[in-house]
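# Fold and geometry: a report
Listed below, chain by chain, are the residues.
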Amino acid sequence: MHIHEYQAKGVLKSFGVPVPEGYLAVDIEGAGEMAARLPGPVFVVKSQIHAGGRGKGSFKELGEGAKGGVRLARSIAEVREHAAEMLGNTLVTIQTGPSGKQVNRLYVEDGSQIEKEFYLSLLVDRATSRVSFVVSTEGGMDIETIAHDTPEKILTFSVDPATGILPHHGRAVAKALELDGDLAKQAHTLVAKLYTAFTAKDMEMLEINPLIVSKDGQLKCLDAKVSFDSNALARHLDIFEMRDESEEDAKEIEASKYDLSYITLDGSIGCMVNGAGLAMATMDIIKFYGAEPANFLDVGGGATAEKVAAAFKIITADPNVKGILINIFGGIMRCDVIAEGVITAVKEVGLTVPLVVRLEGTNVNEGKKIIAASGLNVIPADDLDDAAQKIVNAVGGLN
Ligand code: GDP
Ligand code: MN
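This one's a predicted model, so the numbers in the text were calculated from it and none came from an experiment.

## Topic: the overall build of the chain
On a plain count of helices and strands, the chain comes out with 13 helices and 19 strands. In the chain, of all internal contacts separated by at least 6 residues, the share reaching a separation of at least 24 is 70%. Summed over its atoms, the accessible surface of the chain is roughly 18700 Å², and 53% of this surface lies on carbon and sulfur atoms. Computing the positive centroid from 39 side-chain charges and the negative centroid from 55, the chain places the two 2 Å apart.

## Quick look at the packing of helix α11 (residues 335–349) against helix α12 (residues 364–374)
Axis angle and axis distance: for two packed helices, these are the angle between their axes and the distance between the axes, and together they describe the pair. Closest axis-to-axis distance for the α11/α12 pair is 7 Å, and the angle between their directions is 20 degrees. Comparing their axes, α12 and α11 come out roughly parallel. In this structure, the crossing between α11 and α12 has a hand that is right-handed. For the pair formed by α11 and α12, the contact residues are Cys-335, Asp-336, Ala-339, Glu-340 and Ile-343 on the first element and Val-364, Glu-366, Gly-367, Ile-370, Ile-371 and Ser-374 on the second. Tallied by class, the residues present in the contact of α11 with α12 amount to six nonpolar, two polar and three charged.

## Details of the UniProt feature "binding site: Mg(2+)" (unreviewed entry) in the chain
As annotated in UniProt, the feature "binding site: Mg(2+)" (unreviewed entry) corresponds to Asn-209 and Asp-223 in the numbering used here. One can find Asn-209 in strand β11 (residues 203–214). For Asn-209, a relative accessible area of 13% corresponds to the buried category. Dropping the residues within four chain positions of it, Asn-209 is found in contact with Phe-118, Tyr-119, Gly-139, Gly-140, Met-141, Asp-142 and Asp-223. There is a polar contact of 2.8 Å between the side chain of Asn-209 and the backbone nitrogen of Gly-140. The residue Asp-223 is located in the loop between β12 (219–221) and β13 (225–228) in this model. The residues touching Asp-223, leaving out its near neighbours within four places in the chain, are Glu-5, Lys-9, Lys-46, Arg-54, Glu-207, Ile-208, Asn-209 and Pro-210. A distance of 3.1 Å separates the side chain of Asp-223 from the side chain of Arg-54, its partner in a polar contact.

## Re the UniProt feature "domain: ATP-grasp" (unreviewed entry) in the chain
The UniProt feature table records "domain: ATP-grasp" (unreviewed entry) at residues 9–248. For the annotated span residues 9–248, helix accounts for 28% and strand for 29% of the residues, and the straight-line distance between the end C-alpha atoms is 20 Å.

## Considering the site of ligand 1
Taken together, 16 residues surround ligand 1, and among them Lys-46, Arg-54, Gly-55, Ser-112 and Glu-117 come closest. Gly-55 places a polar main-chain atom, nitrogen or oxygen, 2.8 Å from an oxygen atom of ligand 1. The side chain of Asp-223 places a nitrogen or oxygen atom 3.1 Å from an oxygen atom of ligand 1. Protein contacts shield 80% of the accessible area of ligand 1, which totals 560 Å² for the unbound molecule. For the shell around ligand 1, the elements supplying multiple residues, two or more each, are β2 (43–47), β4 (70–73), β8 (114–125) and β11. Partitioned by chemical class, the residues of the shell around ligand 1 number six nonpolar, six polar and four charged.

## Considerations on the side chain of Asp-244
With respect to the helices and strands, the residue Asp-244 is situated in the loop between α7 (237–240) and α8 (250–257). Asp-244 sits in the buried class, given a relative accessible area of 7%. Here His-4 takes part through its side chain, which lies 2.8 Å from a polar atom of the side chain of Asp-244. In this structure the side chain of Asp-244 is engaged in a polar contact, spanning 2.6 Å, whose partner is the side chain of Ser-246. Apart from the residues within four sequence positions on either side, Asp-244 is in contact with His-4, His-50 and Arg-105.

## Here's the deal with the coordination of the manganese ion (ligand 2)
Protein coordination at the manganese ion (ligand 2) comes from Asn-209 (O) and Asp-223 (OD), with a distance range of 2.2 Å. Taken together, the residues span a long stretch of sequence, with Asn-209 in strand β11 and Asp-223 in the loop between β12 and β13 at a distance of 14 residues. In this pair, the class of Asn-209 matches that of Asp-223, namely buried.

## What to know about the sheet that holds strand β3 (residues 58–59)
Within the open sheet, the three strands sit side by side as β3-β5-β6. Their pairing is antiparallel. Across the chains shown, the open sheet's two edge strands, defined by having one partner strand only, are β3 and β6 (101–102).

## Structural notes on the packing of helix α9 (residues 276–288) against helix α13 (residues 384–394)
One way to put it is that α9 packs onto α13 with a least axis distance of 9 Å and a crossing angle of 50 degrees. Put simply, α9 runs oblique to α13. Note on packing geometry: the crossing formed by α9 with α13 is right-handed. In this structure, α9 uses Leu-278, Ala-281, Thr-282, Ile-285 and Ile-286 to contact α13, whose residues at the interface are Leu-384, Asp-385, Ala-388 and Val-392. Grouping the amino acids of the contact of α9 with α13 by side-chain chemistry returns seven nonpolar, one polar and one charged.

## A short note on a negative patch on the surface
Together, Glu-360, Asp-382, Asp-383 and Asp-385 give the surface a local cluster of negative charge. Among the structural elements, Glu-360 can be located in strand β18 (residues 355–361).

About the cut-offs
- Residues numbered from 1 in each chain as written.
- Chains lettered and ligands numbered in written order.
- Predicted model: local features only at pLDDT ≥ 70, side-chain atom pairs only at ≥ 80, totals over all residues.
- Heavy atoms only, no water.
- Helix = DSSP H or I, 4+ residues; strand = E, 2+ residues; numbered from the N terminus.
- Contact = heavy atoms within 4.5 Å.
- Areas by Shrake-Rupley, 256 points an atom, 1.4 Å probe, with all protein chains shown as cover.
- Lys, Arg positive; Asp, Glu negative; His and termini not counted.
- Charge placed at Lys NZ, Arg CZ, Asp CG, Glu CD.
- Axes fitted to C-alpha atoms, helices over the stretch in contact; angles between N-to-C directions.
- Parallel < 35°, antiparallel > 145°, perpendicular 65-115°, else oblique.
- Left-handed = near helix turned anticlockwise from the far one by under 90°.
- Nonpolar A, V, L, I, M, F, W, Y, C, P; charged D, E, K, R; others polar.
- UniProt positions renumbered as here; feature names shortened; annotations may be inferred.
- Buried < 20%, exposed > 50% of the residue type's maximum accessible area, 1.4 Å probe, protein only.
- Polar contact = N/O pair within 3.5 Å; in protein donor to acceptor, adjacent residues only side chain to side chain.
- Near = heavy atom within 4 Å.
- Donors = N, O, S within 2.8 Å, 3.2 Å for Na, K, Ca; no water.
- Pairing = 2+ DSSP bridges.
- Patch = residues over 30% accessible without salt bridge, like charges linked within 9 Å, V, L, I, M, F, W, Y side chains within 5 Å.
- Salt bridge = Lys/Arg side-chain N within 4 Å of Asp/Glu carboxyl O.

Take a look at the structure:
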């Protein structure tokens, strides 16, 4: 689960991590009032969306030449002007995709004078089964660019969970960032606090870009992007309450209500499959025959007809879906249950795109009979290969 920057900074602050003073605003009036609480004379007005690259982003409604989603202001009047341009408008960044995201919340922050910008992140490193620090002196740019242009400027350290964070980790980070004296000391404490916050809150990723040294010699987190392990949210209700569903994919929220594993993709073939491995194989073979999947969907082993119907409705509601492939291997899942679910859903929402069904396994004959008797315009398929070719042909091949 992702949260907004202002929420992430709130969490970090509660662990003693240095962040600039700032306040949330949802309207122009509020933005002015929040700025008035800050010392000034420089303020930062920051669009709150679940995507990075805001500074270099642009607003759809404002056209060329307008400023991005993170702006400096030198007066309260200017804060209000920026707020008026941002709120309700659509910010497009390298991470939002071309459709962008509507800005409904602003974070008004005390402006910092930047001496240096660094990159620092923590993540769960699956290769070492440890939490790793990733640091670079090249802050402010996105890490992909640094990794591509100057990979030698990215340094990684992992923390052994048996010992937890130790002073040498702090020293390693300070050295990598070329800090000494008081700034090195600040880095040591910062590293320990970030690690504590990361593990205490079951974070999946914590990215500070940029971490800065201010002109007055303070190490501060100027940006914060955090995601949490969704499986651990049950023990962090404070975090769970920060969820902003308006930032999430509506289809994925609907799918999560039915406990379906669903991820929206950008192709044209809707897939309904049971089992994550079979879903991956199905997506691969669709690509192999030249088309792209519109989603990943695993209905799970013990799905009910109701769950299958919900899954089918989510797929058909997606305007990008030009054809549907149902690929079920009945093990625990029974093919007749799938057939019933699909027919229930089609009766309710109709079927306007080609549908290829490949059923195999438990109660396969009952399942096929139910579909045949329904009078639905279904293209039956014998195996995975046949099914993929049929659906790709039905949607007109390459897309
Ligand atoms: P992002 O573009 O979504 O990653 O948003 P950031 O919070 O990282 O802000 C973008 C950029 O704005 C930063 O990399 C900084 O260079 C700049 N910026 C943000 N806050 C301040 C500030 O307080 N003072 C100054 N001078 N620049 C800032
Ligand atoms: Mn940033």
